[in-house]
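Observations on chain architecture
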Amino acid sequence: MNMKNIAPQIERVVPGIMEDISSVEKERPLKIIPAIMKKGIDNINLSMFNEELRRKLLNATGDEYFKRGFIVEAIKAFTLTGNSQKLIEVGDHMVNTSMYTHAIDAYSAGNSKDKLLWLGERCLREGHFNEAIRAFKLVNDRDKLRNVGDELFNKEKTEYAIKIFEFIGDKNKLTFIGNHCVNSRDYENAVRSFNLAKDREGLNKVGDIFLKESLLNKALEVYQLADNKIMISFIRENFFNE
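Residues numbered from 1 in each chain as written. Predicted model: local features only at pLDDT ≥ 70, side-chain atom pairs only at ≥ 80, totals over all residues. Heavy atoms only, no water.

**Points about the overall build of the chain**
Operational definition: Put simply, DSSP marks the helices as runs of H or I at least four residues long and the strands as runs of E at least two long, and each gets a number from the N terminus on. Think of it in three bands: with a 1.4 Å probe and only protein chains considered, a residue is buried below 20% of the maximum accessible area for its type, exposed above 50%, and partly exposed in between. We call two residues in contact when some of their heavy atoms are within 4.5 Å. Per-residue and other accessible areas follow the Shrake-Rupley method at a 1.4 Å probe size, with only the shown protein chains counted as cover for residues.
A tally of regular secondary structure across the chain gives 16 helices and zero strands. By the burial criterion, 38% of the 242 residues in the chain qualify as buried. Nonlocal contacts in the chain, meaning residues at least 24 apart in sequence, comprise 37% of its contacts between residues at least 6 apart. Counting every atom, the chain has about 14700 Å² of accessible surface; 49% of that belongs to carbon and sulfur.

Have a look at this one:
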């Protein structure tokens with residue numbers, strides 16, 4: 001019997017029943033969400049469903065993951081569907097719970113540069129420097145990063161400033177920081193800065209200081225970074241050649 005022919009008759013007896021049946025049919029696939037969660041987003045195959053239904057399943061799965069506190073999985077589900085609105089909602093919730101790493105992940109997946117800049121500024125104010133740097137890097141606003149690098153350097157957060165100037169490739173700033181670190185006897189960061197700047201003169205300066213203080217292993221290591229073959233040979237032949 002053809003359902004199309006009897007549908008009007010059924011509707012006359014029970015108004016709205018066909019709409020209810022259609023609604024049940026549409027909601028039925030959502031019953032597999034627990035199975036999707038158990039299998040995992042990376043391992044599930046939804047190719048047998050059409051595009052609209054795949055998106056609906058993934059978004060519903062993302063909602064369920066989020067409700068249960070599986071934030072990484074929720075972000076992954078919403079990313080697969082390109083659901084920027086949901087990703088920003090997740091990011092906002094993570095900010096409110098001070099889980100800035102997850103917030104950055106969500107805003108980045110949602111392509112929200114404004115939110116990333118806003119969160120970067122907030123992290124900077126609150127002293128979450130790694131998160132601030134990551135947020136600004138994702139936006140790739142080099143002028144902003146340079147200003148943040150200067151600000152962190154002025155606050156004596158030298159390691160973080162070095163990270164920023166390494167990322168934007170500012171060798172002059174790295175050399176400047178290296179010389180500052182030599183003057184303040186922060187030789188570890190001096191070596192790091194000079195090495196990133198490919199500043200052999202700066203590296204040799206630190207090597208000479210270590211040699212003068214009889215820190216031969218450290219001197220040798222720094223001269224190797226500077227590719228100073230003469231001093232490498234001098235130390236090896238005179239102090240390590242037994």
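**As for the environment of glycine 169**
Following the sequence through the fold, glycine 169 ends up in the loop between helix H11 (158–168) and helix H12 (171–183). The spatial distance from the C-alpha of glycine 169 to the C-alpha of arginine 142 is 10.0 Å, given a sequence separation of 27 residues.

**A few points about the pattern of salt bridges**
Test applied: Any carboxyl oxygen of Asp or Glu within 4 Å of a side-chain nitrogen of Lys or Arg constitutes a salt bridge here.
A full pass over the atoms with the stated rule returns 16 salt bridges. Among the charged side chains, a network of salt bridges with common partners joins Asp63, Lys86 and Glu89.

**Some words on the packing of aromatic side chains**
Quick note on the threshold: Any pair of Phe, Tyr and Trp rings, taking the six-membered ring for Trp, is counted once the centres come within 6.5 Å. Such a pair is stacked with planes under 30 degrees apart, edge-to-face with planes over 60 apart, and tilted for the rest. The rule is short: NZ of Lys or CZ of Arg within 6 Å of the ring centre and within 35 degrees of the ring normal puts a charge over the ring.
Evaluated as defined, the whole model comprises five aromatic pairs. Seen from their ring centres, phenylalanine 153 and phenylalanine 176 are 5.7 Å apart, and the 65° between their planes marks the pair as edge-to-face. One end of the pair, phenylalanine 153, is in helix H10 (residues 142–154); the other, phenylalanine 176, is in helix H12, with 23 residues separating them in the sequence. Of the residues examined, phenylalanine 153 reaches a relative accessible area of 15% and is grouped as buried. Sitting over the ring of tryptophan 118, lysine 115 keeps its end group 5.5 Å from the ring centre.

**Looking at the side chain of threonine 81**
By the secondary structure assignment, threonine 81 is in the loop between helix H5 (71–80) and helix H6 (84–96). On the accessibility criterion, threonine 81 (4% relative accessible area) is buried. Leaving out residues up to four positions away in the same chain, threonine 81 has contacts with Arg55, Leu58 and Asn59.

**Description of the environment of phenylalanine 240**
Relative to the helices and strands, phenylalanine 240 resides in the segment after helix H16 (229–239). Of the residues examined, phenylalanine 240 reaches a relative accessible area of 39% and is grouped as partly exposed. For the pair phenylalanine 240 and leucine 216, spaced 24 residues apart in sequence, the C-alpha separation works out to 9.3 Å. Phenylalanine 240 has contacts with Leu216, Asn217, Leu220 and Ile235, leaving out every residue within four places of it along the chain.

**Details of unusual backbone geometry**
Residues other than glycine seldom take positive phi values, yet asparagine 111 does so here, at roughly 55°. You will see that aspartate 227, though not glycine, has its phi angle at about 55°, which is positive. Note that aspartate 227 resides in the loop between helix H15 (216–225) and H16.

**Re helix H7 (residues 100–109)**
Regarding H7, the residues found buried are Tyr100, His102, Ala103, Ile104, Ala106 and Tyr107. In the stretch just after H7, asparagine 111 is the one whose phi turns positive, near 55°.

**Details of the packing of H6 against H7**
The line we're drawing: A fitted line through C-alpha atoms serves as each axis, taken over the contacting stretch for helices, and the angle formed by two N-to-C directions is quoted from 0 to 180°. Each angle receives one of four descriptions, namely roughly parallel if under 35 degrees, roughly antiparallel if over 145, roughly perpendicular if within 65 to 115, and oblique otherwise. By the definition used in this description, the sense in which the near helix is turned from the far one sets the handedness, with an anticlockwise turn below a right angle giving left-handed and a clockwise turn giving right-handed. By the convention adopted, Pro, Cys, Tyr, Trp, Phe, Met, Ile, Leu, Val and Ala count as nonpolar, Lys, Arg, Asp and Glu as charged, and the other residues, Gly among them, as polar.
Where H6 meets H7, the axes come as close as 8 Å, and the angle between the chain directions of the two elements is 160°. Here H6 is positioned roughly antiparallel relative to H7, judged by the angle of their axes. Our pair here, H6 against H7, has a crossing hand that is left-handed. Touching Leu87, Ile88, Val90, Gly91, Asp92, Met94 and Val95 of H6 are Tyr100, His102, Ala103, Ala106, Tyr107 and Ala109, all from H7. A class-by-class count of the residues in the contact of H6 with H7 yields 10 nonpolar, two polar and one charged.

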